[in-house]
Amino acid sequence: QARAEAARCMACGGCSECMQCVQVCEAQAIIHDMQPEQLEVEAGAILLTPGYDPFDARLRPEYGYGRYKNVVTSLEFERMLSSSGPSGGETLRPSDNRVPQTVAWIQCVGSRDVSLGNDYCSGVCCMYAMKEALLAAEHTPGLRATIFHNDVRAFGKGFDVFYDAAAGHPGVEFQRGIVSSVKQQPGGSDLLLSVQGDDGRSLERTFELVVLSVGLRPSAGTAELAKRLGVELNRFGFCRSDPLELCRTSRDGIYSAGAFSAPMDIPETVTTAGAAAALAAELLHTARGSLVREKTYPPERDVAGEEQRIGVFVCRCGNNIAQTVDVPRVTQYARDLPGVVHAEENLHTCSVDTQRRIVEAIIEQRLNRVVVASCTPRTHEELFQGTLREAGLNKQLFEMANIRDQCSWVHYSDPAAATAKAEDLVRMSVARAATLRPFDDLQIEVDQRAIVIGGGVTGINAALSLADQGFAVALVEREPELGGVARRVRSLLQGVDARQALRQMIQRVRAHPLIELHLSATIDEFNGHVGGFRLGLSSDGGSSEVRGGAMIVATGGVESKPEEYAYGEDQRVLTQLDLEARLDDPGFARGLNEVAMIQCVGSREPQHNYCSRVCCRQAIKNAIEIKEANPAARVYILYRDIRTYGFDEVYYRKAREIGVVFVRFDPQHKPQIEVRPEGLRLRVRDEALGADIELRPDWLVLSAAIRPQPDAAQLSQLLKVPRGADGFYMEAHLKLRPLDFSSEGIFLAGLAHAPKSMAESIIQAKAAAARAATIISQPYLHRSGVISEVDQSRCVACLTCVRVCPYEVPLIDEHGAAFIEPASCQGCGICAASCPRKAIVTRHFADGQLLPEVDALLGDAACATCWEGS
């Protein structure tokens, strides 16, 4: 009754002083008489991350959102796909809860829309529509998903591969065209879509469910926030920034990140967050550490020789666990397990109050092992280990049983089985806890310098950011001058003089007292680990070495040399960078009659299935420059999809308005070039017209792909960092760790990571600098002591560990036996599991600590003999 009254109160919106909400709140989180208070915080910098709001689909009434139950937004459909959503992961029509067999996605709802003032591309909608359509088709056999689109903007790393996977799925269809209206059929709930194809033809199709791919808009309150802080916004309501400094606002000391800067997806959001942090660190580096208070812990109790006294704490997690698992029964079960002297249940074991209670219980009951049965160790193990340290216990004397993810969530429909499984997991954890032994984390001395490999725009900005944060930096470049491929770029689409910007960057590097520059340098040797790397270099001046606690790989990329369209055979066939050089001559553009540009040359093909990201913008920039210099010139851009995401969509529209002609071709029918003495002949089938056209360009310009550096494979082997199938370096996690290698202490940025623009490279450079600074800002690193160790007396140098280690840590030392550098070991345990001689043991996961869990589960006495004494 109290819950019902609380729900009524929340729906009402006005308080009737009934106090039912206070009574029903199990966490006692409601303070009914709390009064508003004003807080004043002094800060040296401000980072703005107010996020975004989804476009209100009601502003496009022709699609029927809010009027027809079976028209939903993409976010609503996302919740429908979620196992914790309203339909439990099933795709159901809101009108009748029936599984639909036909679902349509309508793209660009609230994006690329001049009528609403949203004439920008939201950047994320194409990919999330593909994801949703593919998931729906895979989850519901027979479901047919159709995506109505204009251009497919799969411009991110790995996106084109995903696009091809979606397009190749039998349940997913891509239909090029603009949906003009959605109408519900009379007497039913199905929806009739009127579609204008890009060939000018109209068609109508019926669907059972329609999903509107809504775009990103500035979040509510952003304008007021910006006004109060004196930060300027662009005409779309996002933060106004310099084209090369996306995270720097119009006011010094205030920086932006995420979708407040521009529409962007998760990897870019994470990257801009790092870049904004770097800018703040540059500003405040002289005050670094001045407000830090180091946490102190009581001395650790020596538990050696003590009788096992295990405490078990079972969490209800509110109702997250308790609604399925019989927590009191599990708690009572734990009390009767061998070695357990204390067991209790808690409402929220991770709460501050319960943490204090655990500390008190450890001290009062003289507990020397602790088991928490709650959620996942991925998020909470470190928290509970800290609790043990507060009570004077070594943190390795902790074990966790995941009875949320592995019981209440996956067996929510069978509480009895979930409870029995929870008992099994607790019994196994108690058995393992009895074997745990204390040991310390590793303490690694940090060389508080950084190494940046690559002297292009990315490397330059990474070095400058670190140096401006007060760190010494060694900048290593193999060429005799800085700048990389950016030396060939004249200007950017937004009008920035790229050459002048590059000159200023180089001048800053050469003048910075904390940057040590190594030009014409090749890397001959690499060794070390996080906190202490060393590169052996050779150059014209002889051999040298550089050292640092962190390293950034920013080796850049190169423009590919096309092998088609007569490139290299006829001087009238150029690449976009070749064209940039010719446009240096003001008379060149004025003398043109006709220019044709072909997109995706060397990109989005089976052997190089990725988007080179800058080609569309570069072609449009050069086309606009030609048309503005010579309005009479005919400029054609032959394309597959135009990918001017974000605010660059404005320039795509400008190019069309001033007369640049865009011709879409199918990759199965590429343009055909014929070289004649009197001129070039270019034939292409215009997919919109459904007819072949012939062009006679003075110049044919190829938008050539971006490729990794030719020596990327060699450097990858030397540094022991991975590359992807496309040859670019591979990050540790596409979304959550887009700048980290799996090898700790080494980071990546710029074209070494994937194709991207100059502005995007600078953002990544600063973000990588922020990641590196988290290491070299500390005199010592404390790393997990969970590492593998070799008993060299048992090793026969079979090289098994050397071959299987994904981090390439084990080596054969001067004694002819395997050696594992503790600071480099990631503690994955693959070597220990693979060693045929059992010469390698991973701390905290020895056989004698794992097999008792199996014994506890199976009750097999033979297991005990397996691990006894091992």
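Keep in mind that what you see is a predicted model, and the values were worked out from it rather than measured.

Calculation criteria
Residues numbered from 1 in each chain as written. Predicted model: local features only at pLDDT ≥ 70, side-chain atom pairs only at ≥ 80, totals over all residues. Heavy atoms only, no water. Buried < 20%, exposed > 50% of the residue type's maximum accessible area, 1.4 Å probe, protein only. Helix = DSSP H or I, 4+ residues; strand = E, 2+ residues; numbered from the N terminus. Pairing = 2+ DSSP bridges. Right-handed = clockwise from strand over helix to strand, strands pointing away. Contact = heavy atoms within 4.5 Å. Axes fitted to C-alpha atoms, helices over the stretch in contact; angles between N-to-C directions. pLDDT = per-residue confidence, 0-100. 1 Å grid on protein atoms, 1.4 Å probe; cavity = no way out; pocket = protein on both sides within 12 Å on 5 of 7 lines; lining within 4 Å. Points joined across faces, edges and corners; volume = space filled by probe spheres on them. Nonpolar A, V, L, I, M, F, W, Y, C, P; charged D, E, K, R; others polar. Arc of directions from axis to C-beta. Salt bridge = Lys/Arg side-chain N within 4 Å of Asp/Glu carboxyl O.

Undergrad: What is the right way to look at the pairing of strand E26 (residues 594-601) in this model?
TA: The side chains of a regular strand alternate, residue by residue, between the two faces of the sheet. With eight of eight residues buried, E26 is to be regarded as a mostly interior element. For E26 and strand E27 (residues 634-639), the ladder comprises five bridges, and the chain directions are parallel. Within E27, the position partnered with Ile598 by the bridge is Leu638. Read from E26 through helix H17 (residues 615-629) to E27, the crossover connection turns out right-handed. Pairing of E26 with strand E32 (residues 699-704) involves five bridges; the strand directions are parallel.

Undergrad: Honestly, the side chain of Glu399 in this entry has me stumped. Any pointers?
TA: Relative to the elements of secondary structure, Glu399 occurs in strand E15 (residues 398-402). For Glu399, a relative accessible area of 12% puts it in the buried group. Discounting chain neighbours no more than four positions away, the residues touching Glu399 are Val370, Val371, Val372, Ser429, Arg432, Ala433, Leu436 and Glu853.

Undergrad: Just checking my understanding: could you explain the sheet that holds strand E21 (residues 532-539) for this structure?
TA: Either a parallel or an antiparallel arrangement is found when strands of a sheet pair, and the pairing is made through backbone hydrogen bonds. Read from one edge to the other, the open sheet built from three strands follows the order E20-E21-E22, with strand pairing classed as antiparallel. Of all strands in the sheet, those with a lone pairing partner are strand E20 (522-529) and strand E22 (542-548), marking the two edges. Here the strands of the sheet are splayed against their neighbours by 15° on average, with no regard to which way each runs. Seen against the sheet, helix H19 (residues 712-719) touches E20 and E21 and runs at an angle of roughly 30° to E20.

Undergrad: What's the story with the confidence of the model for the protein in this structure? I'm lost.
TA: Detailed reading of the predicted model is not advised wherever pLDDT is low. On average, residues of the protein carry a pLDDT of 94, and 97% of them reach 70 or more. Note that pLDDT drops below 50 for residues 861-870; the model gives that stretch 13 contacts with residues more than four away or on any other chain.

Undergrad: What exactly am I supposed to notice about the layout of surface pockets here?
TA: To locate leftover empty space, one rolls a probe as large as a water molecule over the atoms. One number sums up the size of the second largest pocket: a volume of about 1600 Å³. Lining the second largest pocket are 36 residues, with Glu382, Lys395, Asp441, His782 and Ser784 positioned closest to its centre. Listing elements by their share of the lining of the second largest pocket, those giving two or more residues are helix H10 (377-390), E15, strand E35 (780-783) and helix H23 (847-858). In terms of residue count, the dominant contributor to the lining of the second largest pocket is H10 (seven residues). A breakdown of the residues in the lining of the second largest pocket according to their chemical character gives ten nonpolar, ten polar and 16 charged.

Undergrad: It is not clear to me how helix H18 (residues 649-657) should be interpreted in this structure. Could you clarify?
TA: Owing to its 3.6 residues per turn, the α-helix aligns residues three or four sequence positions apart on the same side. Within the sequence span of H18, burial applies to Glu649, Tyr652 and Ala655. All buried residues of H18 lie within an arc of 115° about the axis, which places them on one face of the element. Those residues of H18 that are buried are in contact with H17, E27 and strand E28 (661-664). Phi for Gly659, located one or two positions after H18, is positive at around 110°.

Undergrad: Would you explain the pattern of salt bridges in this entry?
TA: Side chains that differ in charge, positive against negative, can pair when their charged atoms come close. Taken as a whole, this structure holds 75 salt bridges when the rule is applied. Between Arg112 and Glu649 there is a salt bridge, with the nearest N and O atoms lying 2.8 Å from each other. On the criterion of sequence distance, the pair formed by Arg112 in the loop between strand E4 (102-109) and helix H4 (125-139) and Glu649 in helix H18 is long-range, its members being 537 residues apart. Close ionic contact of Lys295 with Glu390 constitutes a salt bridge, the shortest N to O distance being 2.7 Å. You can see Lys295 sitting in the loop between helix H7 (266-284) and strand E12 (310-315) and its partner Glu390 sitting in helix H10, a full 95 residues away along the chain. Here Glu390 falls in the partly exposed class, since its relative accessible area comes to 30%.

Undergrad: What exactly am I supposed to notice about the sheet that holds E27 here?
TA: Reading across the sheet, the five strands line up as E25-E32-E26-E27-E28 and stay open at both edges, with parallel pairing between neighbours. With one partner strand each, in any of the chains shown, strand E25 (573-575) and E28 form the two edges of the open sheet. Strand-to-strand twist across the sheet, computed as the mean angle between neighbouring axes with direction ignored, equals 25°. Across the face of the sheet, H17 comes into contact with E26, E27, E28 and E32 while running at roughly 175° to E26.

Undergrad: Looking at this structure, how should I read the side chain of Glu760?
TA: Here Glu760 is to be found in helix H20 (residues 758-776). In contact with Glu760, other than residues within four places in its own chain, are Glu268, Arg613, Arg617 and Tyr645.

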